[in-house]
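Chains, contacts and geometry: an overview
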Amino acid sequence: MGRIIATPTAGSCGIIPGVFVSTQERFGWTDDRMVEALFAAGAIGYVIANQSFISGAEGGCQAEVGSAVGMAAGALTELRGGTPEQAVHAVGLALKNSLGLICDPVGGLVEIPCIVRNGFGAVTALAAADMALAGVRSVIPSDEVIGVMKDIGAAMPEAHRETAKGGLAQTPTGKAILSDLRKKGGRS
Ligand code: SF4
């Protein structure tokens, strides 16, 4: 409809389009079918947002990229003919693989490591959907995985929740990039 919607957040907005565009090209699904799948992804995101977090500032990158991976994995499973139960297992499988991931953008800018995490996130979603469709189940139910993500996020130190005070942002190279940007006047 001519609108760009970053979902579930701007930092993780490459995962669902990466999965949707590539699989639509591969399988030839209609746009209407993709719209239905977006509703499925949105419903999954709604559950996660209500039970846990979807932003890195609240729960670390597990909440942001992890949620997007779960949304994409569940929706793709449905698109490929999986049952609702398989779609939910795909969410759990995908989200488990993101648990504990901290939010540590260099300079506080949503670029490093965010861009590559989106790429890897899309790959994880594709793999999780494949697993669910092959009959692999999330032994820990998806609702419980979402609950654990909340617990981990709540226990995560502030330095690892989008403040750029820890993780990759505080490596020598991360600090040098920020210093360089400041010199160029890109960031005060
Ligand atoms: S590192 Fe932080 S800002 Fe970057 S994608 Fe992850 S949650 Fe978003």
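Residues numbered from 1 in each chain as written. Predicted model: local features only at pLDDT ≥ 70, side-chain atom pairs only at ≥ 80, totals over all residues. Heavy atoms only, no water.

1. Some points on unusual backbone geometry
The condition is simple: Each helix is a run of DSSP H or I of at least 4 residues and each strand a run of E of at least 2, with the numbering of both proceeding from the N terminus.
For the peptide bond that leads from Thr 7 to Pro 8, omega is 0 degrees, which places it in the cis range. Among the secondary structure elements, Pro 8 is positioned in the segment before helix H1 (15–27). A cis amide bond links Ile 112 to the next residue, Pro 113, at an omega of 10 degrees. Among the structural elements, Pro 113 can be located in the loop between helix H5 (84–96) and helix H6 (114–133). Of note, the phi angle at Glu 162 is positive, near 65 degrees, even though the residue is not glycine. By the secondary structure assignment, Glu 162 is in the loop between helix H7 (142–155) and helix H8 (172–183).

2. What to know about the packing of H5 against H6
Filter applied, for reference: Simply put, an axis is a line fit to the C-alpha atoms, just over the touching stretch for a helix, and the angle between two N-to-C directions goes from 0 to 180 degrees. An angle counts as roughly parallel when it lies under 35 degrees, as roughly antiparallel when it exceeds 145, as roughly perpendicular when it falls between 65 and 115, and as oblique in every other case. Here a crossing is called left-handed whenever its near helix is offset anticlockwise from the far helix by less than a right angle, and right-handed whenever the offset is clockwise. Working rule for contacts: check all heavy atoms of both residues, and any pair within 4.5 Å makes them a contact. Here the nonpolar group is Ala, Val, Leu, Ile, Met, Phe, Trp, Tyr, Cys and Pro; Asp, Glu, Lys and Arg are the charged ones; every other residue, Gly included, is treated as polar.
Relative orientation of the contacting elements H5 and H6 amounts to 135 degrees, with a least axis distance of 8 Å. By the criterion of interaxial angle, the relationship of H5 to H6 is oblique. Between H5 and H6 the crossing geometry is right-handed. Residue-level inspection shows Gln 86, Ala 90, Leu 93 and Ala 94 of H5 in contact with H6, the latter providing Thr 124, Ala 128, Ala 129, Met 131, Ala 132 and Leu 133. Looking at the contact of H5 with H6, its residues break down into eight nonpolar, two polar and no charged.

3. A few points about the layout of surface pockets
Over the atoms a probe the size of a water molecule is rolled, and this reveals where empty space is left. How we decide: Using protein atoms alone on a 1 Å grid, points that fit a 1.4 Å probe yet trap it form a cavity, whereas open point sets bounded by protein on both sides within 12 Å along at least five of seven lines form a pocket; residues with an atom within 4 Å of a point count as lining. Grid points are joined across faces, edges and corners, and a volume is the space filled by probe spheres set on the points.
Its boundaries defined by the atoms lining it, the largest pocket holds a volume of some 850 Å³. Forming the walls of the largest pocket are 20 residues, and the residues nearest its centre are Arg 3, Ile 5, Met 34, Val 35 and Leu 38. Elements represented by at least two residues in the lining of the largest pocket include exactly H1 and helix H2 (31–51). The greatest single-element share of the lining of the largest pocket, amounting to seven residues, is contributed by H2. Of the residues belonging to the lining of the largest pocket, the class tally is 15 nonpolar, three polar and two charged. Approximately 210 Å³ is the volume found for the second largest pocket. For the second largest pocket, the full set of lining residues is Ala 43, Ile 44, Val 47, Val 88, His 89, Val 91, Pro 141, Ser 142, Asp 143 and Ile 146. Among the secondary structure elements, those contributing two or more residues to the lining of the second largest pocket are H2, H5 and H7.

4. Focus: the site of the ligand
Keep this limit in mind: The cutoff for a nearby residue is simple: one of its non-hydrogen atoms must lie within 4 Å of the molecule or strand. To be counted as sitting in a cavity or pocket, a molecule needs more than half of its atoms within 2 Å of that site's grid points.
Near the ligand you find Gly 11, Gly 56, Cys 61, Glu 64, Val 65, Cys 103, Asp 104, Val 110, Cys 114 and Arg 117, and these make up its full shell. A molecule is said to occupy a pocket when more than half its atoms come within 2 Å of that pocket's grid points, and by this definition the ligand occupies the largest cavity. Looking at the shell around the ligand, the elements with two or more residues in it are helix H4 (61–79) and H6. Among the elements that take part in the shell around the ligand, H4 stands out by supplying three residues, more than any other.

5. Section: H4
Filter applied, for reference: What a helix is expected to span follows from its residue count: subtract one and scale by 1.5 Å. Three exposure classes are used, based on accessible area relative to the maximum for each residue type with a 1.4 Å probe and protein chains only: buried under 20%, partly exposed in between, and exposed over 50%.
With 19 residues, H4 extends 26 Å from end C-alpha to end C-alpha; this agrees with the ideal 27 Å at 1.5 Å per step. Among the 19 residues of H4, 18 are classified as buried, and the element is accordingly described as predominantly covered. With its phi angle positive at about 95 degrees, Gly 81 sits one or two positions after the end of H4.

In short, geometric facts, not functional conclusions.
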